[in-house]
There are 2 protein chains.
Amino acid sequence: MSNPDRPPLIFSAFVMNTTSHIYQGTWRHPDARNLEHNSLEYWVELAKLLEAGTFDLIFFADVVGLYGDYRGDYRKYVETGLQIPANDPAVIASALAYATEHLGIAFTSAVVQEHPFSFARKISTLDHASGGRIAWNVVTSYLKNAFANFGYDDIVAHDARYDWADEYLDVAYKLWEGSWDEGALVQDKAGLHADFDKVHKIHHLGRNYKVEGPHLVAPSPQRTPLIFQAGSSPRGQQFAARHAEGIFVSSPTPEVARQQIEATRQLAAAHGRSPEDLKFLAGLSFVVGSTEEEARRRAADLDENWIDWDGHLAHFAGSLGIDLGHHDLDAPVGEINVETVQGIIRGLERAHPGRPLVVRDLARFMASANRIVGTPEQIADRLAEWRDAGVDGVNVMNVVRPGDYEEFIEHVTPVLQRRGLQRTEYAEGTLRRKLFGTDRLNDRHPAARYRGAFNGPRSWPEAADPRAVEAAPVGR
Amino acid sequence: MSNPDRPPLIFSAFVMNTTSHIYQGTWRHPDARNLEHNSLEYWVELAKLLEAGTFDLIFFADVVGLYGDYRGDYRKYVETGLQIPANDPAVIASALAYATEHLGIAFTSAVVQEHPFSFARKISTLDHASGGRIAWNVVTSYLKNAFANFGYDDIVAHDARYDWADEYLDVAYKLWEGSWDEGALVQDKAGLHADFDKVHKIHHLGRNYKVEGPHLVAPSPQRTPLIFQAGSSPRGQQFAARHAEGIFVSSPTPEVARQQIEATRQLAAAHGRSPEDLKFLAGLSFVVGSTEEEARRRAADLDENWIDWDGHLAHFAGSLGIDLGHHDLDAPVGEINVETVQGIIRGLERAHPGRPLVVRDLARFMASANRIVGTPEQIADRLAEWRDAGVDGVNVMNVVRPGDYEEFIEHVTPVLQRRGLQRTEYAEGTLRRKLFGTDRLNDRHPAARYRGAFNGPRSWPEAADPRAVEAAPVGR
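Residues numbered from 1 in each chain as written. Chains lettered and ligands numbered in written order. Predicted model: local features only at pLDDT ≥ 70, side-chain atom pairs only at ≥ 80, totals over all residues. Heavy atoms only, no water.

## Here we look at the side chain of A:Q24
All names here are of chain A.
And then number 1: On the secondary structure map, Q24 appears in the loop between β1 (10-16) and α1 (40-52).
And then number 2: On the accessibility criterion, Q24 (1% relative accessible area) is buried.
And then number 3: Once you skip the residues sitting within four places of it in the chain, Q24 turns out to touch L82, W306, I307, D308, G311, H312 and H315. (Helix = DSSP H or I, 4+ residues; strand = E, 2+ residues; numbered from the N terminus. Buried < 20%, exposed > 50% of the residue type's maximum accessible area, 1.4 Å probe, protein only. Contact = heavy atoms within 4.5 Å.)

Below you can see the structure in the form of structure tokens.
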């Protein structure tokens with residue numbers, strides 16, 4: 001029995017400004033309007049729909065390069081619209097903010113793609129424009145082509161990327177939290193516009209960046225945007241435990257999610273944070289039917305007629321930088337002679353005992369492990385189990401866009417609301433206030449140490465410029 | 001007598017996402033709403049007003065750093081809101097695009113502030129979202145603090161900045177014009193999403209950038225946005241003559257503007273372009289009255305009671321990187337012992353013979369040289385003179401925002417429209433089509449050479465990486 005004392009789940013719509021995001025090939029479905037992603041009206045319409053359905057967030061995934069070659073080149077991605085085109089989500093955010101009142105607007109931005117001074121300014125401007133509804137999904141990118149678009153000959157090594165991201169966040173925190181003191185902006189027509197003694201340069205000097213400041217935007221409603229992260233490696237989990245307020249979990253079952261959540265909460269505690277400082281969102285997709293049979297029939301139709309399993313394999317393998325394009329989808333998985341993939345296969349074999357797996361199963365299980373198929377009531381039952389496992393919210397993936405959200409909001413949301421699993425109305429205020437009860441990061445967050453840190457006369461540190469020891473070109 | 005065969009003037013509203021842009025101190029005026037610049041609603045309201053008044057463009061100036069110190073530090077700028085805060089104009093553009101149908105949206109972006117791969121993607125996304133209404137004002141920045149915000153110890157030298165900007169534009173042109181061929185995007189639900197043979201990597205390798213591609217956004221209505229530039233130095237004029245479609249001229253009289261325009265058109269011809277490929281916009285401000293006397297009284301009230309001449313001096317001197325803050329406003333200009341400024345003073349003395357100039361005059365003449373004061377009919381007479389001198393449009397500066405545009409559109413626009421000096425309705429289509437009759441850059445523009453340039457198998461050039469010879473860190 002579900003625990004009725006727990007708060008409603010957070011609902012986030014997981015989208016991307018592209019044609020084919022997670023469920024490859026389904027843009028060909030007659031109901032799909034994924035092709036309209038260049039249109040602002042299309043995204044505004046979706047944002048308004050989500051707000052009518054009391055979703056907490058629209059959440060944009062993003063990439064700044066192609067996935068690794070598949071069958072030797074990037075033909076597959078172009079021909080199936082697999083995350084190319086990939087339009088910039090950040091620049092359409094203000095239109096969504098203008099057309100809505102409460103919906104949170106989250107987007108992904110990689111450390112490699114923008115200098116932190118410009119990024120911090122962009123976020124602060126948007127946070128003002130939206131009344132404090134902006135969230136940022138911090139990623140370090142793992143695509144060789146993304147690095148090649150920004151001057152790198154190869155991917156920066158995994159742990160070094162997270163060190164780089166730590167500094168990137170430090171620069172941003174200094175600008176958001178430390179450059180302008182509380183009360184700095186006066187805007188008195190008969191007096192000061194701002195108080196000079198409360199607007200500080202930051203003089204950041206680190207391995208990757210040298211940034212003088214001050215921040216060019218006055219403190220926005222949230223100052224630091226709500227921070228999301230999805231790191232799953234040991235270094236990535238440490239990073240998330242230190243910085244993130246929202247964390248994505250991708251787990252086959254609620255029980256596995258519970259273990260991941262508990263482990264990350266413990267890591268966060270080691271960083272001086274409290275368990276309630278972090279919210280965990282499970283990535284799930286839904287196939288709804290008025291009966292269980294109808295739902296299963298629809299799911300089977302998607303699997304057999306619309307989902308491009310070769311596209312799924314390309315997406316999965318390309319994200320690992322491995323080319324599995326020469327494998328037949330019906331060949332035994334044992335043929336894949338790649339250590340990383342064999343580790344994943346062994347996990348899938350344990351989770352799906354029975355007939356020997358073929359390559360198609362690899363794509364299938366990676367795509368649909370977290371798919372819930374059933375009536376609205378059955379979906380509510382399952383979501384109650386996820387909530388009981390400690391999950392705070394759901395990142396709702398789509399097969400067709402916007403149809404899946406229309407359907408969810410029309411049929412599932414009313415049931416969830418009756419059962420206290422989804423909010424029935426919005427709380428007032430910023431996104432952070434809606435989710436955590438405060439506009440600003442609390443004092444336990446690492447950004448808080450920069451508050452008031454730049455008072456008094458300051459200049460560049462005396463130490464030698466640490467950028468001299470940095471071999472890789474950053475951001476060129 | 002004005003030539004009635006010339007087309008209407010282009011009208012652009014010259015604004016900045018800040019409190020105090022050109023006319024310093026006037027945000028204190030009771031009618032000014034400049035303080036509301038953090039609000040999206042404020043900018044949307046202005047954009048709708050401009051569209052109701054058939055303005056062609058809203059044009060955002062921008063800086064990414066403070067002006068040079070004044071009286072030894074940046075106190076003056078903070079206390080008077082002089083371009084700090086300076087919010088990011090690019091991220092509010094989509095809201096303005098959503099709320100309007102025809103208005104062009106131009107913003108300034110400096111080469112130092114963003115990597116060209118990200119910038120090109122941002123622009124293409126916005127050009128799609130706006131139906132092809134985006135323009136970019138290319139600047140190289142001349143503020144030491146701007147460079148210090150991006151890792152530089154000092155301003156990059158003037159001509160080197162333009163060389164850098166040439167490469168920046170080359171990267172962007174390759175992405176906008178060359179990466180996706182015409183017809184590349186198919187979006188056939190029963191077939192291809194895009195044609196792989198028409199989506200190319202660009203393999204750019206230059207002194208400052210190494211960029212693989214492909215461009216991540218399919219061709220937008222204009223591909224390359226409308227390009228504005230305001231270079232006035234010899235190197236800057238060469239740059240503008242080569243790249244720009246819209247050029248700002250800041251001239252004390254129509255006759256001086258005519259000379260500047262003719263000189264730039266000749267330079268453009270030397271780059272293989274035609275005179276009609278460039279439009280020239282004069283920066284002007286207006287004080288309107290129902291009688292000439294009322295207009296003059298209002299102008300005098302602004303000068304005596306609202307304009308902060310010390311702020312003007314700070315803005316003028318800080319843009320030159322010279323600190324004139326220790327000069328009394330009533331002191332003779334001869335006291336200013338700086339060669340650059342003395343050159344400007346000698347020009348002002350010739351233009352304003354009579355009593356010896358004081359420091360206040362320097363600020364005054366630099367600010368109000370292009371101010372037109374009078375009745376709507378008198379303003380129309382003067383604008384006809386500017387048009388006869390070869391000026392194609394006006395960049396309308398404001399003293400109070402949005403009031404000056406409300407007043408202009410209510411009182412001056414109807415007179416201009418009757419006299420064929422301002423359009424009465426919008427043409428259909430993209431911004432470039434409205435102004436030049438075509439959606440895309442013509443074949444004479446340097447960007448055109450990248451069309452079809454990346455067909456066939458390609459990879460990185462064999463030559464040694466030219467970035468190795470580049471001493472200055474770029475974009476970090």
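## Points about the environment of B:W309
And then number 1: Among the structural elements, B:W309 can be located in helix α10 (residues 309-320).
And then number 2: Spatially, the C-alpha atom of B:W309 lies 41 Å from that of B:A427, the residues being 118 residues apart in sequence.

## Observations regarding the interface of chain A and chain B
And then number 1: With 91 residues of chain A in contact, the opposing surface of chain B contributes 90 residues.
And then number 2: Summed over the shared surface of chain A and chain B, the result is 6 salt bridges.
And then number 3: Among the salt bridges present, the one from B:R75 reaches A:D197, with a minimum N-O distance of 3.9 Å.
And then number 4: The tally of links from chain A across to chain B stands at 49 residue pairs in polar contact (both at pLDDT 80 or more).
And then number 5: Where the side of chain A that touches chain B is concerned, the elements lending two or more residues are α1, α2 (75-80), α3 (93-99), α4 (116-129), α5 (144-149) and β6 (210-211) of chain A.
And then number 6: Per-element tally for the side of chain A that touches chain B: the top contributor is α4(A), with 8 residues.
And then number 7: Split by residue class, the side of chain A that touches chain B holds 42 nonpolar, 26 polar and 23 charged. (Salt bridge = Lys/Arg side-chain N within 4 Å of Asp/Glu carboxyl O. Polar contact = N/O pair within 3.5 Å; in protein donor to acceptor, adjacent residues only side chain to side chain. Nonpolar A, V, L, I, M, F, W, Y, C, P; charged D, E, K, R; others polar.)

## A few points about the nonpolar core
And then number 1: Formed by 311 residues in total, the largest nonpolar core has its most connected members in A:F55, A:I58, A:L383, B:F55, B:I58 and B:L383.
And then number 2: Contact partners of A:I58, with chain neighbours within four places excluded, come to A:A13, A:V15, A:W43, A:L46, A:L50, A:L96, A:L103, A:G104, A:I105 and A:A106. (Core = buried A, V, L, I, M, F, W, Y, C linked by side-chain atoms within 4.5 Å.)

## Section: the side chain of A:R133
All names here are of chain A.
And then number 1: Relative to the elements of secondary structure, R133 occurs in the loop between α4 and β4 (134-139).
And then number 2: E51 provides the closest opposite charge to the buried, salt-bridge-free R133, at an N-O distance of 4.5 Å.
And then number 3: In terms of polar contacts, R133 uses its side chain to reach the side chain of T100, at 2.9 Å.
And then number 4: Of the polar contacts made by the side chain of R133, one reaches the backbone oxygen of E101; its length is 3.3 Å.
And then number 5: Setting aside residues up to four positions removed in sequence, R133 forms contacts with E51, A97, T100, E101, H102, L103, G104, I105, D127, Q222 and L431. (Lys, Arg positive; Asp, Glu negative; His and termini not counted.)

## Some points on the packing of helix α13 (residues 376-388) of chain B against helix α14 (residues 403-418) of chain B
Helix-helix packing: each pair is described by the crossing angle between the helix axes and the interaxial distance.
All names here are of chain B.
And then number 1: It is at 9 Å that the axes of α13 and α14 come closest, and there the two elements cross at 50°. It follows that α13 is oblique to α14 by the angle criterion. Relative to α14, α13 is oriented so that their crossing is right-handed. Listed contacts from α14 to P376, E377, I379, A380 and L383 of α13 are H411, V412, V415 and L416.
And then number 2: By residue class, the composition of the contact of α13 with α14 is 7 nonpolar, 1 polar and 1 charged. (Axes fitted to C-alpha atoms, helices over the stretch in contact; angles between N-to-C directions. Parallel < 35°, antiparallel > 145°, perpendicular 65-115°, else oblique. Left-handed = near helix turned anticlockwise from the far one by under 90°.)

## A word on the pairing of strand β10 (residues 371-374) of chain B
For a regular strand, side-chain orientation follows a simple rule: the groups alternate between the two sheet faces.
Residue and element names in this part refer to chain B.
And then number 1: Residues R371 and V373 point to one face of β10 and I372 and G374 to the other, with burial holding for every one of them.
And then number 2: Taken together, the 4 bridges between strand β9 (residues 279-288) and β10 define a ladder with parallel strand orientation. The residue of β10 that forms the bridge with S285 is R371. (Pairing = 2+ DSSP bridges.)

## Details of the UniProt feature "binding site: FMN" (unreviewed entry) in chain A
All names here are of chain A.
And then number 1: Residues given the UniProt feature "binding site: FMN" (unreviewed entry) here are D62, T108, H158, Y162, S232 and S233.
And then number 2: By secondary structure assignment, the location of H158 is in helix α6 (residues 158-178).
And then number 3: Ignoring any residue separated from it by four or fewer positions in sequence, one finds H158 in contact with S233, R235 and G236.
And then number 4: Relative to the assigned elements, Y162 resides in helix α6.
And then number 5: If we ignore the near neighbours within four places in the chain, the residues touching Y162 are T140, Q229, G231, S233, R235, G236 and F239. (UniProt positions renumbered as here; feature names shortened; annotations may be inferred.)

## Side note on the pairing of strand β9 (residues 279-288) of chain A
All names here are of chain A.
And then number 1: With 10 of 10 residues buried, β9 is to be regarded as a mostly interior element.
And then number 2: Burial along β9 is two-sided: K279, L281, G283, S285 and V287 and F280, A282, L284, F286 and V288, pointing in opposite directions, are all buried.
And then number 3: Taken together, the 4 bridges between strand β8 (residues 246-249) and β9 define a ladder with parallel strand orientation. Within β9, the position partnered with I247 by the bridge is F280.

## As for the relation of the copies chain A and chain B
And then number 1: Mapping chain A onto chain B is achieved by rotating through 180° and translating by 0.0 Å along the same axis, at an RMSD of 0.0 Å. Within this description, the copies of the chain are treated as partners about a two-fold rotation axis. Residue A:A95 of chain A places its C-alpha closer to the rotation axis than any other residue of that unit, at 1.9 Å.
And then number 2: Comparing interface residues between copies, 99% of those in chain A also sit at the interface in chain B, which points to an isologous, same-surface contact. (Least-squares fit on C-alpha atoms with pLDDT ≥ 70 in both.)

## Section: α10(B)
All names here are of chain B.
And then number 1: Between its first and last C-alpha, α10 extends 17 Å over 12 residues, near the 16 Å set by a 1.5 Å rise per residue.
And then number 2: Most of α10 sits out of view: 10 of its 12 residues are buried.
And then number 3: Capping the start of α10, D308 holds a side-chain oxygen 3.1 Å from the backbone nitrogen of D310, two or three residues further along. (Expected span 1.5 Å × (residues − 1).)

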